[in-house]
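Examining the three-dimensional arrangement
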Amino acid sequence: MAATYVEGKNLKELKKEMMTCTMCGFCKSVCPAFEGVGWDPGVARGRMVLSYGLLQKDIPADDSVVEALYQCTTCKDCERRCPSKVKVVDVVERARKDMVASGVMLPSHRKVVDNILKYGNPYGEKISVPQALGQKPRTADVGYFVGCTAAYRNPAAAKATISIMGKLGEDFTLLNETCCGSVMERVGWNEEDVVAQMEKNVKAVEDQGVDEAVFSCAGCYRMFKEEYPKHVDVPFKVRHVSEYLADKDLKLSPLEKKLTYHDPCHLGRHSGVYKAPRAVLAKFPGAEFKEMAKNSSESRCCGGGGGVRSAYPELSEHIAARRVADAGFADILVTSCPFCVTNLKAGKERTGAKVEIIDLVELVDRQLS
Ligand code: SF4
Ligand code: SF4
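Residues numbered from 1 in each chain as written. Chains lettered and ligands numbered in written order. Predicted model: local features only at pLDDT ≥ 70, side-chain atom pairs only at ≥ 80, totals over all residues.

**Section: the sheet that holds strand β7 (residues 332–335)**
- Taken in spatial order, the four strands line up as β6-β5-β7-β8 in an open sheet, and their pairing is parallel. Each edge of the sheet is formed by a strand with only one pairing partner; in this case those strands are β6 (288–289) and β8 (356–359).
- Here strand β5 (residues 258–262) runs beside β7; their pairing, made up of four bridges, is parallel. Note that in β7 the partner of threonine 260 across the bridge is leucine 333.
- On the sheet, helix α18 (residues 338–351) packs against β5, β7 and β8 and is oriented at approximately 170 degrees with respect to β8. (Pairing = 2+ DSSP bridges. Helix = DSSP H or I, 4+ residues; strand = E, 2+ residues; numbered from the N terminus. Contact = placed C-beta atoms within 7 Å. Axes fitted to C-alpha atoms, helices over the stretch in contact; angles between N-to-C directions.)

Laid out in C-alpha cells, this is it:
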C-alpha cells in the first residue's frame, strides 16, 4: 500500500482525547491485540500516538500504521482500564474513517463493503436473509432481526431463535432486513452509506407493523440500540434475545453441566447488557454456573470484532484461543453472539480444548420443551 498523508477531518474533533493520554500504559494489561502483537503500536497508547501523528501529518498512513490501527478489535476494555478515560475506540474509528476517506483501505475490508453495497450483506450472498432460512416475511408483533452472520454463516443460532419463538407461541416474523451497517462503521466507511443501511432497516421493520425487534447478534443489537438513534428515528422496541428470554417462563429440561458465559463486547461493554444472559442461564435446572476470572465489564474479547477477523485471522484466532483457555474448567462455554461463537470455535481448534462452545439460543432451544 502506498504511503499516504491523510486529511484528519474526523480525527480533528478528537484531538483533546489523543492529548489526554498520559502514556501510563495501564491499557497494556487488558488489550487483547497487544497480547498478540507484543509492542506499543498494538496497544491503545500506541494507537493514540499514531492517530495524533496522522492528524498532524507527521506520519503517513503506511502499512505499519494501517496495521496497528486495524488490529484493534474495538473491544473497549482499554477505556474501562484507562485512568484518564480516553475514548480510544472513537479515536481509532475516526482514524480509520480519515484513512478510508483518503483512499487507504485494506482489500479484505473493501470487499466486505462492496458486498454490502451490492448485495446487502458482507458475504456476497445473493439471496435475502428470510430466503436463506426458508422463511416468508409478514406482519407480526415481534420481528426477529437475524443478522448476516447468523443467516449465512452460523444458521444454527438463527434456526434456534426461530424454533424458540415457535415453541413459545410468539406472533413473530423475519424481517426484510439488510446489513445493519456495523461492519461498515467499524472499518471506517462513510457515514452516508451507513445511515442509508439504517434507513432501509427501520423502514423494513415499520412496513411489517412490528412493535418490537429482537436481535440474536450482539453487533446488530448495539447498532439499533446505541448507534441508530444518533441518526434515525427508531419507533419500535429493541431487545437482545437474552433480554427477551430473561422475561419468559421457560420450561427447560435438566442440564447437569458446568456452564460459563462469555460477554460479547458489543453486548456488554458497548451496550451494558450483563444481567439478562446470566438470568437465562440461571433458569437451567441442575446446571452449575461459574464465572471466568475475566467476566462482565472486565470480560476478555474473543478477537473477532472491529474487522480484525477478516483482515488478521491469525491474530484473531490467537486472541480467541486465549479466551477459550479461560473457560477450561467448564463443560459448556455459552455466549450470545453468532460472531463470537464462530471465532471462539476457531480458537478452540487451535487449543484442542474440550469445552463445548454454543450460543445461548441454541442451548435454550435444545433444552426447551
Ligand atoms: S491507559 Fe489511557 S492514558 Fe494510559 S496509556 Fe492507555 S490510553 Fe493512555
Ligand atoms: S479497544 Fe480493545 S483492542 Fe482496541 S486498543 Fe482498546 S483494548 Fe486494545
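**Here's the deal with the site of ligand 2**
- Neighbouring residues of ligand 2: 16 residues in total, closest Cys31, Ala44, Cys72, Cys75 and Cys78.
- Where the shell around ligand 2 is concerned, the elements lending two or more residues are α2 (32–37), α3 (44–55), α5 (77–81) and α6 (88–101). (Near = placed C-beta within 6 Å.)

**A short note on unusual backbone geometry**
- Although it is not a glycine, lysine 57 sits at a positive phi angle of roughly 60 degrees.
- Along the chain, the position of lysine 57 falls in the loop between α3 and α4 (63–70).
- A positive phi angle, near 60 degrees, is found at threonine 74, a position not held by glycine.
- Among the structural elements, threonine 74 can be located in the loop between α4 and α5.

**Points about the site of ligand 1**
- Lining the immediate surroundings of ligand 1 are 16 residues, of which Cys21, Cys24, Cys27, Arg45 and Cys82 lie closest.
- Broken down by secondary-structure element, the contributors of at least two residues to the shell around ligand 1 are α3 and α5.
- Ranked by the residues each element gives to the shell around ligand 1, the list is headed by α3, at three residues.
- In terms of residue class, the shell around ligand 1 is built from 11 nonpolar, three polar and two charged. (Nonpolar A, V, L, I, M, F, W, Y, C, P; charged D, E, K, R; others polar.)

**Considering the pairing of β8**
- Taken together, the four bridges between β7 and β8 define a ladder with parallel strand orientation. From the neighbouring strand, valine 334 faces β8, where its bridge partner is isoleucine 358.
- Remark: the β7/α18/β8 crossover connection has right-handed handedness. (Right-handed = clockwise from strand over helix to strand, strands pointing away.)

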